[in-house]
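# A structural walkthrough
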Amino acid sequence: MNLWDQWKKGFAAWESTTAAYMEQVMANPAVLGPAGQMLTLAMKTKAATDKATAAWWAAMGLPTRRDQERSLHKLNQLESRLADLEEQLAEARAAQ
Amino acid sequence: MALAERVRTGPPKVGQTPADEVWRENKWRLLRYRPTVAKADRWRTPILLVPSLINRYYVLDLAPGRSFVEHLVAAGHDVFIIDWGTPTAEDRFLTFDDVCHRYLGRAVRKTAAFGPDGVCHVLGYCLGGTLATIYTAAEPAQVASLVALAAPIDFDHAGILATWTRSPGFDIDALIDGFGNVPWPLMQASFHMLKPTATLAKLVGLLDRAWDDEFLDGFLATERWGNDNVSFPGECYRRYIGDLYRDNALMRDTMRLGGKPARLGDIDCPTLAVTFGHDHIVPAAAATALLDRISSPDKAQLHLSGGHVGAVVSRKAAAGLWPQLSRWWAARDTDAARGLGDDAGDDVDAEPAAAPAATTAP
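This section reports on the structure supplied with the text.

Cut-offs and rules
Residues numbered from 1 in each chain as written. Chains lettered and ligands numbered in written order. Predicted model: local features only at pLDDT ≥ 70, side-chain atom pairs only at ≥ 80, totals over all residues. Heavy atoms only, no water. Helix = DSSP H or I, 4+ residues; strand = E, 2+ residues; numbered from the N terminus. Rg over C-alpha atoms; globule rule 2.2 N^0.38 Å. Buried < 20%, exposed > 50% of the residue type's maximum accessible area, 1.4 Å probe, protein only. Contact = heavy atoms within 4.5 Å. Areas by Shrake-Rupley, 256 points an atom, 1.4 Å probe, with all protein chains shown as cover. Lys, Arg positive; Asp, Glu negative; His and termini not counted. Charge placed at Lys NZ, Arg CZ, Asp CG, Glu CD. Pairing = 2+ DSSP bridges. Right-handed = clockwise from strand over helix to strand, strands pointing away. Axes fitted to C-alpha atoms, helices over the stretch in contact; angles between N-to-C directions. Parallel < 35°, antiparallel > 145°, perpendicular 65-115°, else oblique. Left-handed = near helix turned anticlockwise from the far one by under 90°. Patch = residues over 30% accessible without salt bridge, like charges linked within 9 Å, V, L, I, M, F, W, Y side chains within 5 Å. Salt bridge = Lys/Arg side-chain N within 4 Å of Asp/Glu carboxyl O. Phe/Tyr/Trp six-rings, centres within 6.5 Å; stacked < 30°, edge-to-face > 60°. Lys NZ or Arg CZ within 6 Å of the ring centre and 35° of its normal. Buried area = accessible area lost by both parts, 1.4 Å probe. Polar contact = N/O pair within 3.5 Å; in protein donor to acceptor, adjacent residues only side chain to side chain. Core = buried A, V, L, I, M, F, W, Y, C linked by side-chain atoms within 4.5 Å.

Let us look at the overall build of chain B. A count of helices and strands for chain B gives 14 helices and eleven strands. Here the C-alpha atoms of chain B give a radius of gyration of 20 Å, agreeing with the 21 Å that 2.2 N^0.38 yields for 362 residues. In terms of overall dimensions, chain B has a C-alpha envelope of 55 × 50 × 45 Å along the principal axes. Relative to its full complement of 362 residues, chain B shows a buried share of 58%. Of all intrachain contacts in chain B linking residues separated by at least 6 positions in sequence, the fraction that spans at least 24 positions is 80%. Of the accessible surface of chain B, which amounts to about 13800 Å², a share of 55% is contributed by carbon and sulfur atoms. Put simply, chain B has 37 plus and 44 minus side-chain charges, and the middle of one group is 4 Å from the middle of the other.

Scanning chain A from terminus to terminus reveals three helices and zero strands. Reading the helices (α) and strands (β) of chain A from amino to carboxyl end gives α-α-α. For 96 residues, the compact-globule estimate of 2.2 N^0.38 gives 12 Å, and chain A exceeds it by more than 25% at 28 Å. Referenced to the eigenvectors of the C-alpha coordinate spread, the extents of chain A come out at roughly 75 × 55 × 30 Å. Across the 96 residues that make up chain A, the buried fraction comes to 20%.

It is worth spelling out the pairing of strand E5 (residues 120–125) of chain B at this point. Residue and element names in this part refer to chain B. Of all six residues making up E5, six are buried, and the element is well covered by its neighbours. Taking every second residue as pointing to the same face, both faces of E5 are buried, with Cys120, Val122 and Gly124 on one and His121, Leu123 and Tyr125 on the other. Examined bridge by bridge, strand E3 (residues 47–50) and E5 share four bridges and lie parallel to one another. Each residue of the ladder has a partner; that of Leu49, found in E5, is Leu123. As for the winding sense of the linkage, the β-α-β connection from E5 through helix H4 (residues 127–138) to strand E6 (residues 143–149) is right-handed.

Time to look at the packing of helix H1 (residues 2–9) of chain B against helix H9 (residues 213–226) of chain B. Packed helices, taken two at a time, are described by their axes: the angle between them and the distance between them. Residue and element names in this part refer to chain B. Relative orientation of the contacting elements H1 and H9 amounts to 45°, with a least axis distance of 10 Å. Comparing the axis directions of H1 and H9 gives the class oblique. Read as a crossing pair, H1 and H9 show a hand that is right-handed. The residues of H9 that touch H1, namely those facing Ala2, Leu3 and Arg6, are Asp213, Leu216, Asp217 and Leu220.

All right, on to a nonpolar patch on the surface then. Taken together, the side chains of A:Trp4, A:Trp7, A:Trp14, B:Leu200, B:Leu203 and B:Leu207 define a hydrophobic patch exposed on the protein surface, amounting to about 610 Å² of accessible area. Elements with a contribution of two residues or more to the nonpolar patch: helix H1 (3–26) of chain A together with helix H8 (198–208) of chain B. Tracing the chain through its elements places A:Trp7 in helix H1.

Residues and elements named next belong to chain B. Inspection of every chain in the model, using the stated rule, returns 16 aromatic pairs over all chains. With 6.0 Å between their ring centres and 40° between their planes, Phe68 and Trp322 make a pair best called tilted. Taken as a pair, Phe68 in helix H2 (residues 68–74) and Trp322 in helix H14 (residues 321–331) lie far apart in primary sequence, 254 residues in all. You'll find Phe68 and Trp322 in the same group, each marked buried. Between Tyr240 and Tyr245 the ring centres are 5.5 Å apart and the planes differ by 85°, which places this aromatic pair in the edge-to-face class. In this structure Tyr245 comes out as buried when scored by relative accessible area, which is 6%. The structure contains a cluster of three or more aromatic residues connected by ring pairs, namely Phe155, Phe232, Tyr237, Tyr240 and Tyr245. In this structure, Arg92 packs its charged tip against the face of Phe93, placed 5.9 Å from the ring centre. Across from the ring centre of Trp23, 4.1 Å away, lies the NZ or CZ of Lys110, which sits over that ring.

This part is about the interface of chain A and chain B. Each side of the interface is counted separately: chain A has 37 residues, and chain B has 38 residues. Of the roughly 3100 Å² buried where chain A meets chain B, counting both sides, 62% is carbon and sulfur surface. Interface area lost by chain A to chain B is led by A:Met26, A:Met43 and A:Glu87, which between them contribute 17%. Here chain A is connected to chain B by seven salt bridges. Across the pair B:Arg106 and A:Glu87 runs a salt bridge whose closest N-O atoms are separated by 2.7 Å. Taken together, chain A and chain B are joined by 14 residue pairs in polar contact (both at pLDDT 80 or more). Sorting the residues of the side of chain A that touches chain B by element identifies H1, helix H2 (29–59) and helix H3 (65–95) of chain A as the ones contributing at least two each. Considering each element in turn, the side of chain A that touches chain B owes the most residues, 14 residues, to H3(A).

What follows covers the nonpolar core. One finds B:Leu48, B:Phe96, B:Phe232, B:Tyr237 and B:Tyr240 to be the most contacted residues of the largest nonpolar core, which totals 76 residues. At eight residues, helix H3 (residues 96–113) of chain B tops the list of elements feeding residues into this core.

Taken by themselves, the reported measurements are silent on function.
Below is the structure:
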């Protein structure tokens with residue numbers, strides 16, 4: 001067995017042990033709790049910042065980013081609804 | 001060294017099987033692969049492939065010679081696939097019903113319309129399998145058969161991902177309100193954290209076989225796919241996590257789709273659950289629960305070695321999984337084969353669902 005093969009064997013053993021250990025760490029409530037809280041805090045801060053920015057923007061009578069997203073979504077929904085109706089119409093015609 | 005040459009040639013080409021777009025709506029589209037077999041020699045019932053929402057569809061059409069789609073087309077199947085596309089900011093409002101009922105439903109109807117019997121086979125991969133199962137439970141009329149390929153159904157057995165999403169510190173509402181769509185880098189980082197040493201192991205494997213062109217073809221194409229992810233529509237994600245990961249609604253029979261109940265017991269079409277021995281994303285126990293609950297008399301589990309992705313795209317899959325799936329569909333090609341047709345049953349090396357769960361291929 002050459003040096004590379006020996007090293008690979010050692011690496012495989014290390015990887016297997018470390019993966020099992022890390023799986024336990026990643027499922028540990030002592031890790032998950034604080035990690036979740038940090039993510040939640042960051043998200044709530046971002047949402048509050050976005051809301052404040054949008055309020056300032058809207059105060060000037062301008063459509064906010066969220067307004068534009070809602071409008072685009074409504075257009076997409078309208079397109080889908082039209083496709084639904086076309087399908088129903090085609091079905092009704094086929095049944096006649 | 002072959003690896004050094006690849007730096008000059010750039011990333012491998014993926015999704016090369018010729019296809020035509022037959023439908024487009026919002027960001028998603030339905031593709032139909034061009035047949036290569038004479039019409040008289042083709043199977044009757046079209047097949048709809050439903051990939052995961054967060055990965056690109058071309059995992060099932062990775063590269064010439066490594067493509068599940070190419071294999072099916074060459075075997076005479078009429079193959080369709082959903083490309084979910086890339087959600088943009090306004091898609092944060094897309095609901096689970098929009099995706100699983102309206103979009104998937106339309107894909108099923110459009111695909112079924114291409115067949116003479118008005119039905120189609122449906123294969124869902126990973127989350128796509130969960131969506132396909134929920135849709136089939138709520139709207140079974142046009143689904144000739146269901147293949148759930150590494151699809152999580154029982155989220156009580158969904159491994160560490162379930163542990164994370166059920167952690168009290170994980171505030172799904174704060175995440176959606178903050179991000180809108182759940183960004184793909186966050187989800188990709190989560191998948192890396194499932195097995196943090198996997199990246200190193202992959203690197204060592206790459207160095208070990210850096211001279212092997214055939215290995216590099218597959219490795220680089222898979223890596224390209226693995227790093228080409230899409231974000232998850234926010235409202236859809238909120239319900240996906242809430243109803244499935246947290247409430248395990250499919251197993252509790254509380255899942256609803258488009259205002260209708262989506263009960264696993266209402267699935268009576270031929271069903272195959274495919275699981276993999278080293279799948280750390282969807283453990284076999286999370287996938288086989290489907291077979292315990294459905295009412296179909298024609299149901300089986302196909303359990304193979306390999307991981308969540310490798311077992312679907314590898315050379316081994318080309319010799320094992322793909323032809324077995326093709327034969328399974330072929331045996332259920334006509335209406336007469338629905339339920340328990342005379343020729344159904346011996347077409348795959350699968351175990352009947354009533355058999356003990358441990359059905360492992362070497």
